[in-house]
Amino acid sequence: ELPSWMGQLTGLQHLELSACASLKELPSWMGQLTGLQHLILSRCGSLKELPSWMGQLTGLQHLNLSRCGSLEELPSWMGQLTGLQHLN
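Residues numbered from 1 in each chain as written. Predicted model: local features only at pLDDT ≥ 70, side-chain atom pairs only at ≥ 80, totals over all residues. Heavy atoms only, no water.

1. A few points about the sheet that holds strand 1 (residues 14-16)
Let me state the cut-off plainly: Between any two strands, pairing holds if DSSP finds at least two bridges. Elements are defined by DSSP. Helices are runs of H or I of four residues or more, strands are runs of E of two residues or more, and each kind is numbered from the N terminus.
If you walk across this open sheet you meet the four strands as 1-2-3-4, and the pairing is parallel. Each having just a single partner strand, strand 1 and strand 4 (86-87) make up the two edges of the open sheet. Pairing geometry for strand 2 (residues 38-40) and strand 3 (residues 62-64), over three bridges, is parallel. Each residue of the ladder has a partner; that of Ile40, found in strand 3, is Asn64.

Take a look at the structure:
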């Protein structure tokens, strides 16, 4: 489990959680990471869905979901990610 104090890192721009095989859901405090530009979730095989709060991360430019085989669908709120430039 990711520590909740990480939600205080509002200036964080790059977060890589690749190959976190036991990561089943993203914690809600991640919605507070308003400076996040790059989120790498590749090879998170247990991740089943993306939470709706991710739509608030409008500064997100790069989202890597490659090899996330348990993801059932890309949610419609992803259209709110107006700054997104790269989606893997």
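2. A few points about a negative patch on the surface
Where we set the bar: In this analysis, a patch consists of residues with relative accessible area above 30% that form no salt bridge, clustered at 9 Å for like charges and at 5 Å for the nonpolar side chains Val, Leu, Ile, Met, Phe, Trp and Tyr. The method behind every accessible area is Shrake-Rupley, applied with a 1.4 Å probe, and residues are considered shielded solely by the protein chains displayed. The rule for a salt bridge is simple: a side-chain nitrogen of Lys or Arg has to be within 4 Å of a carboxyl oxygen of Asp or Glu. Counted as positive: Lys and Arg. Counted as negative: Asp and Glu. His and the chain ends are not counted at all. By convention, the charge on Lys lies at NZ, on Arg at CZ, on Asp at CG and on Glu at CD.
Side chains of Glu1, Glu25, Glu49, Glu72 and Glu73 sit close together on the surface and give a patch of like negative charge. Residue placement: Glu73 occurs in the loop between strand 3 and strand 4.

All we've got here are geometric facts, nothing functional implied.
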